[in-house]
Each structure stands twice: as C-alpha cells, then as structure tokens.
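Listed below are the residues making up each chain.
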Amino acid sequence: GAGVSQSPSNKVTEKGKDVELRCDPISGHTALYWYRQSLGQGLEFLIYFQGNSAPDKSGLPSDRFSAERTGGSVSTLTIQRTQQEDSAVYLCASSFASGNTGELFFGEGSRLTVL
Amino acid sequence: SQQGEEDPQALSIQEGENATMNCSYKTSINNLQWYRQNSGRGLVHLILIRSNEREKHSGRLRVTLDTSKKSSSLLITASRAADTASYFCATPTSGTYKYIFGTGTRLKVLA
C-alpha cells in the first residue's frame, strides 16, 4: 500500500491480557514512530526507530510496553498485562528522516479499549 | 516533557473568519511542522517551516516562525466548516528526527 498501515483498527481486551499492535510503514522510510493519544489529549511520544540505530525508548510509560522493528520495516508494539489506563489510540508514523526534512506520515491508528 | 505547547486549547469561529493558532517550543530546532487531525485518528501533514525561514504560505495557510521567541503561528484564512479539526505543531528534539507534538488546538468553524 501507499500509506502507513496499522492493525487492528480497533481492539477490545480484558484487563491483564497482552496485546500486539502492528505497523507497516511506507516502504523505504528509515524512521518509525509510535505515539499514544488518550481521548481529547495530545500525542504522547512512546518510541522512535531510526535505521539500524538503537531505538529511543524514552517515552515508554512502563516495562509492560515494548516494541520491535524487524528488518527495518514492520513494527510491533506489545503491551503486557494491560491496564484500563492503557486505553487510547496508538498512532504509528514513518518518515525518510533525512536532511532538514522529516515529514511524518501517519497511519489511522489502533484504538485500544481495556475493560 | 512536552516540547511544544499550542494556544488556544480551543477556538470557535464563524465560517469566513481567520483562525490563528500559536505554538511555543523549548529547544533549538531545525524545522517546525504543523499537522491536522480529524476525528481523533491519523494526522495529516500541513506545512513545514525551516529554522532559516520566517514565513511560509500554502494555499489558505500561513505559518510564521520566530526562533528568538521559540514560537510559531498558524493562520488559516477564510475558514470553512471543513477546517474543523485539531491542529498540532511538532518539533524535533535537538540533533535528532524524534518529533515531539504539542498539546493541540481544537478548531471549530461554524457554518
């Protein structure tokens, strides 16, 4: 596809279960970002992958959150032992991240509801 | 910590009026970007202004950047109901492509 693809679009889970959210970035984009957005709030930075460098995990809220990016392409955000406060829209974005540019292209997000 | 902060948090105007949103940031940047978000899902890039630019136009959008004050403004002229959305500024953390977003301005344009 031409854009950033995220799945699932919506996920309802029970408290304590693990969830995996997937992001397919635009082909050739070296940078990949995960953000979290609670209802009516701004975007909270979670994690940033840039090429083969070690990811910047400084925004992950707890050790229940982890993410990986395989082969420099697809990324999976995993939330273990979900809590109700994890309910939010999780947004993925990718970019070329070169020179003085870096426009981010966003997916439509994965809405997570923890019951 | 939040890199960017927009104000106002919410803005309601009549169709045809101009809308101005402001963004303040904390560290040195090489560019600043504005995004729009409809219905709480994916964001769409509107415009990028580089640190050596003071003003940039794109259609009905006008962006200014004042690096001495660490602030930017987004002006939407002749607003339309379809401009109703949330608007965010984004700035890279110094020396990286890690973009931090502001808190956003919710714009409502009344027909």
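To be clear, the structure that these remarks concern was listed above.
Keep in mind it's a predicted model, so treat the numbers as computed, not measured.

S.K.: Let's hear about the overall build of chain B: which residues, and what values?
M.R.: Regarding its fold elements, chain B presents zero helices and eleven strands. Starting at the N terminus and ending at the C terminus, chain B contains elements arranged as β-β-β-β-β-β-β-β-β-β-β. Here the C-alpha atoms of chain B give a radius of gyration of 13 Å, agreeing with the 13 Å that 2.2 N^0.38 yields for 111 residues. Principal-axis analysis of the C-alpha atoms gives chain B an extent of 45 × 25 × 20 Å. Within the span of chain B, comprising 111 residues, buried residues form 47% of the whole. Accessible surface computed for chain B: about 5,100 Å², of which carbon and sulfur atoms make up 46%. Positive and negative side-chain charges of chain B, numbering 14 and 9 respectively, have mean locations separated by a distance of 6 Å.

S.K.: Which residues make up the overall build of chain A, and what values go with them?
M.R.: Summing up its helical and strand segments, chain A has zero helices and ten strands in all. Beginning at the N terminus, the succession of helices and strands in chain A can be written as β-β-β-β-β-β-β-β-β-β. For chain A, the C-alpha radius of gyration of 14 Å lies close to 13 Å, the compact-globule estimate for 115 residues. Taking the principal axes of its C-alpha atoms as reference, chain A extends roughly 45 × 25 × 25 Å. Contacts in chain A between residues at least 24 apart in sequence constitute 55% of all its contacts with a sequence separation of at least 6. For chain A, the exposed area adds up to about 5,400 Å²; of that, 47% sits on carbon and sulfur atoms. Averaging the positions of the 10 positive and the 12 negative side-chain charges in chain A gives two centres separated by 4 Å.

S.K.: So what's going on with the sheet that holds strand 3 (residues 19-25) of chain B? Which residues, and what values?
M.R.: All names here are of chain B. Strand order in the open sheet made by the five strands is 1-3-8-7-6, with antiparallel pairing throughout. Taken across any chain shown, the strands that pair with only one partner, and hence form the sheet edges, are strand 1 (4-7) and strand 6 (55-58). Within this sheet the neighbouring strands show an average axis-to-axis angle of 15°, counted without direction. Relative to strand 8 (residues 71-76), strand 3 is paired through six bridges, and the arrangement is antiparallel. Paired with Asn22 across the strands is Ser73, a residue of strand 8.

S.K.: Let's hear about the pairing of strand 9 (residues 85-92) of chain B: which residues, and what values?
M.R.: Residues and elements named next belong to chain B. Burial of strand 9 is extensive: eight of the eight residues sit out of reach of the surface. Burial of strand 9 is two-sided: the residues Ala85, Tyr87, Cys89 and Thr91 facing one way and the residues Ser86, Phe88, Ala90 and Pro92 facing the other way are all buried. The pairing of strand 4 (residues 31-37) with strand 9 spans five bridges and is classified as antiparallel. Each residue of the ladder has a partner; that of Tyr35, found in strand 9, is Phe88. As paired strands, strand 9 and strand 11 (residues 105-110) are joined by three bridges and run antiparallel to one another.

S.K.: Pulling in residues and values, what's your account of the sheet that holds strand 3 (residues 19-24) of chain A?
M.R.: All names here are of chain A. Strands sit in the order 1-3-7-6 across an open sheet of four strands; the sheet is antiparallel. The sheet terminates laterally at strand 1 (5-7) and strand 6 (65-69), the two strands that pair on one side only. Here the strands of the sheet are splayed against their neighbours by 15° on average, with no regard to which way each runs. By the bridge criterion, five bridges tie strand 3 to strand 7 (residues 75-79) in an arrangement that is antiparallel. Among the inter-strand pairings, Val19 is bridged to a residue of strand 7, identified as Ile79.

S.K.: Give a detailed account of the packing of aromatic side chains, specifying residues and quantitative values.
M.R.: The final tally for this structure, using the stated rule, is eight aromatic pairs over all chains. Ring geometry for A:Tyr35 and A:Phe106: centres 6.0 Å apart, planes at 40°, overall tilted. Within this pair, whereas A:Tyr35 is found in strand 4 (residues 31-37), its partner A:Phe106 is found in strand 9 (residues 105-106), the two being separated by 71 residues in sequence. The same class applies to A:Tyr35 and to A:Phe106, which are both buried. Look at A:Tyr35 and B:Phe101: their rings are 5.2 Å apart centre to centre, the planes differ by 85°, and that puts the pair in the edge-to-face class.

S.K.: If you had to explain the interface of chain B and chain A to someone new, which residues and values would you point to?
M.R.: Across the boundary between the two partners, chain B contributes 22 residues, which contact 28 residues of chain A. Summed over both partners, the interface of chain B with chain A buries about 2,000 Å², with 48% contributed by carbon and sulfur atoms. Here chain B and chain A share one salt bridge between them. Notably, a salt bridge pairs A:Asp56 with B:Lys98, separated by 3.2 Å at the nearest N-O pair.

About the thresholds
- Residues numbered from 1 in each chain as written.
- Chains lettered and ligands numbered in written order.
- Predicted model: local features only at pLDDT ≥ 70, side-chain atom pairs only at ≥ 80, totals over all residues.
- Heavy atoms only, no water.
- Helix = DSSP H or I, 4+ residues; strand = E, 2+ residues; numbered from the N terminus.
- Rg over C-alpha atoms; globule rule 2.2 N^0.38 Å.
- Buried < 20%, exposed > 50% of the residue type's maximum accessible area, 1.4 Å probe, protein only.
- Areas by Shrake-Rupley, 256 points an atom, 1.4 Å probe, with all protein chains shown as cover.
- Lys, Arg positive; Asp, Glu negative; His and termini not counted.
- Charge placed at Lys NZ, Arg CZ, Asp CG, Glu CD.
- Contact = heavy atoms within 4.5 Å.
- Pairing = 2+ DSSP bridges.
- Axes fitted to C-alpha atoms, helices over the stretch in contact; angles between N-to-C directions.
- Phe/Tyr/Trp six-rings, centres within 6.5 Å; stacked < 30°, edge-to-face > 60°.
- Buried area = accessible area lost by both parts, 1.4 Å probe.
- Salt bridge = Lys/Arg side-chain N within 4 Å of Asp/Glu carboxyl O.

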